[in-house]
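Results of the structural survey
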Amino acid sequence: NIFKYYDYNDIHLNYIPGGVDATYIFGGTHEASYNDSFAIIDIITRYNESRDYKECAKELNDYFNRNKDHLLIYSIDRVNESFMELQDELNSIYIYELALYIIDNINNVEVIKLAIFFLSFINLGENDEKTLYNLALCDEFTFFVLFYHINQLDNKNDIISLAKLILFILSSSAIKPL
């Protein structure tokens with residue numbers, strides 16, 4: 001319910017979860033630190049050879065928990081550039097296992113967005129597409145899933161049904177009392 005994010009005693013409207021990401025992409029001006037994107041890539045590459053995706057996920061989670069004001073969207077372009085440069089060196093199975101482990105075991109939304117981003121480089125199976133579809137139902141992840149996976153979804157009707165379901169949820173919750 002969008003109204004629960006509005007404080008009538010205050011004079012400004014707060015973003016709904018995930019709204020900052022979409023706003024930033026379509027005209028945001030936050031300047032991300034080069035160190036933020038480097039730190040993320042450094043953590044990922046450090047565990048590439050051993051393929052210890054559990055330790056990598058833990059360290060990514062710790063990083064984002066220590067840097068709560070850093071949203072992934074602020075450094076995603078630099079992370080993407082670095083990731084593209086390292087794509088031949090990174091073990092695709094490790095990246096896939098890391099992404100799935102994060103989605104199943106980590107509760108930091110920025111780390112989960114990173115996992116969604118990782119999956120955009122991998123050919124997904126039917127179960128993975130269902131996982132992404134379910135993540136997209138959460139308002140915090142809708143934008144990331146659609147932005148990074150719109151070309152991967154085999155069934156374009158999934159996008160339409162997702163949009164209809166989200167509109168239904170929003171319209172249903174808007175009429176319920178707070």
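Residues numbered from 1 in each chain as written. Predicted model: local features only at pLDDT ≥ 70, side-chain atom pairs only at ≥ 80, totals over all residues. Heavy atoms only, no water.

A short note on the side chain of Asn61
For clarity, the cut-off: Note on conventions: DSSP H or I runs of at least 4 residues are helices, E runs of at least 2 residues are strands, and numbering of each starts at the N terminus. Accessible area is worked out with a 1.4 Å probe on protein chains only. A residue is then buried under 20% of its type maximum, exposed over 50%, and partly exposed in between. When checking whether two residues touch, look at their non-hydrogen atoms; a contact exists if any pair is within 4.5 Å.
Relative to the assigned elements, Asn61 resides in helix 3 (residues 53-66). Residue classification places Asn61 among the buried positions, given a relative accessible area of 14%. If near-sequence neighbours (up to four positions away) are discounted, Asn61 is found in contact with Ile106, Asn107, Asn108 and Val111.

Details of the nonpolar core
Applied cut-off: What is meant by a nonpolar core is a set of buried Ala, Val, Leu, Ile, Met, Phe, Trp, Tyr and Cys residues, joined one to another through side-chain atoms within 4.5 Å.
Counting residues in each nonpolar core, the largest one holds 45 residues, and the members touching the most others are Ile40, Ile44, Leu60, Ile102, Leu114 and Phe118. Elements with a contribution of two residues or more to this core: helix 2 (34-46), helix 3, helix 4 (72-86), helix 5 (92-105), helix 6 (109-119), helix 7 (126-136) and helix 8 (142-149). It is helix 6 that provides the largest number of residues to this core, a total of eight residues. Ignoring anything within four residues of it in the chain, the contact list for Leu60 reads Ile40, Ile43, Ile44, Ile102, Val111 and Leu114.

Side note on the environment of Leu124
Here Leu124 is to be found in the loop between helix 6 and helix 7. For Leu124, a relative accessible area of 17% translates into the label buried. Once the C-alpha coordinates of Leu124 and Tyr96 are considered, the two residues, 28 residues apart in sequence, prove to be 9.4 Å apart.

Here we look at helix 6
Cut-off, in case you're wondering: Two N or O atoms count as a polar contact when they lie within 3.5 Å, although within protein this holds only if one can serve as hydrogen donor and the other as acceptor, and sequence-adjacent residues are included solely when both atoms are side-chain atoms.
Of all eleven residues making up helix 6, ten are buried, and the element is well covered by its neighbours. Every buried residue of helix 6 is accounted for by Glu110, Val111, Ile112, Lys113, Leu114, Ala115, Ile116, Phe117, Phe118 and Leu119. Capping the start of helix 6 is the job of one residue whose side-chain oxygen sits 2.9 Å from the backbone nitrogen of Glu110: Asn108.

Interpretation note: all reported values are geometric properties and have no functional meaning in isolation.
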